[in-house]
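This is what each chain is made of:
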Amino acid sequence: LLNLADYKALKNVIPSKLFEYILFKKPIVAGFKGFIRKYSKKNFDNILCYNNPKECYDKIKLVLDKKKKFIFVKINLRLLKLKLSLHWVNYLNHTV
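Enquirer: Before we move on, can you summarise the overall build of the chain with the specific residues and values?
Expert: A count of helices and strands for the chain gives 3 helices and 3 strands. Listed by position from the N terminus, the elements making up the chain come as β-α-β-α-β-α. Counting across all 96 residues of the chain, residues that qualify as buried make up 20%. Across the chain, every contact between residues at least 6 apart in sequence was considered, and the portion connecting residues at least 24 apart equals 39%. When the accessible surface of the chain is summed, it comes to about 8100 Å², and 64% of that surface belongs to carbon and sulfur atoms.

Shown next, in the form of structure tokens:
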């Protein structure tokens, strides 16, 4: 969460902290205005910009929901691999 919307000094510049956050390749929920908002939306797909507290809440919820879905899929893939491994072991035990 990065809120820089109310800083007049950042209206036409991009803070280096933003690039540091981008390097982590994690979602960034950001309150930007002006040039920084246009630039970040155009150039980075992991930045979710908001204008007000309601939008901020919605963006954070979106990130958390996607993370939950990702974790659920990851766990299911691990279980599937385990089941396939067990079936393969059973198959080998019966054919030998």
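Enquirer: I'd like a rundown of the side chain of Arg 37, residues and numbers included.
Expert: When you line up the elements, Arg 37 lands in helix 2 (residues 35-43). Within the buried core, Arg 37 has no salt-bridge partner, and the shortest N-O distance to an opposite charge, that of Glu 55, equals 4.7 Å.

Enquirer: Describe the pairing of strand 2 (residues 28-31), listing the residues and the values that go with them.
Expert: On strand 2, burial covers both faces: Ile 28 and Ala 30 on one face and Val 29 and Gly 31 on the other are all buried. Pairing analysis gives 2 bridges linking strand 1 (residues 2-3) to strand 2, with the strands arranged parallel. Counted as the bridge partner of Asn 3 is Gly 31 from strand 2. With 3 bridges joining them, strand 2 and strand 3 (residues 47-49) adopt parallel strand pairing. Opposite Val 29, over in strand 3, you have Leu 48 as the bridge partner. Where the polypeptide runs from strand 2 across helix 2 and back to strand 3, its parallel neighbour, the crossover connection is right-handed.

Enquirer: Go over the packing of aromatic side chains, please, and point to the residues and values.
Expert: The full count for this structure, using the stated rule, is 3 aromatic pairs. Among the aromatic residues, ring-to-ring pairing joins Phe 19, Phe 35, Tyr 39 and Phe 44 into one connected group.

Enquirer: An account of helix 2 is requested, with residue identities and associated values reported.
Expert: Residues that lie three or four places apart on an α-helix share one face, since the helix turns once every 3.6 residues. Regarding helix 2, the residues found buried are Ile 36, Arg 37 and Ser 40. One side of helix 2 holds all its buried residues, which, seen down the axis, span an arc of 100 degrees. For helix 2, the exposed residues lying more than 90 degrees away from the buried face are Lys 38 and Lys 42. At its buried positions, helix 2 is contacted by helix 1 (16-23) and strand 3.

What counts as what
- Residues numbered from 1 in each chain as written.
- Predicted model: local features only at pLDDT ≥ 70, side-chain atom pairs only at ≥ 80, totals over all residues.
- Heavy atoms only, no water.
- Helix = DSSP H or I, 4+ residues; strand = E, 2+ residues; numbered from the N terminus.
- Buried < 20%, exposed > 50% of the residue type's maximum accessible area, 1.4 Å probe, protein only.
- Contact = heavy atoms within 4.5 Å.
- Areas by Shrake-Rupley, 256 points an atom, 1.4 Å probe, with all protein chains shown as cover.
- Lys, Arg positive; Asp, Glu negative; His and termini not counted.
- Salt bridge = Lys/Arg side-chain N within 4 Å of Asp/Glu carboxyl O.
- Pairing = 2+ DSSP bridges.
- Right-handed = clockwise from strand over helix to strand, strands pointing away.
- Phe/Tyr/Trp six-rings, centres within 6.5 Å; stacked < 30°, edge-to-face > 60°.
- Arc of directions from axis to C-beta.

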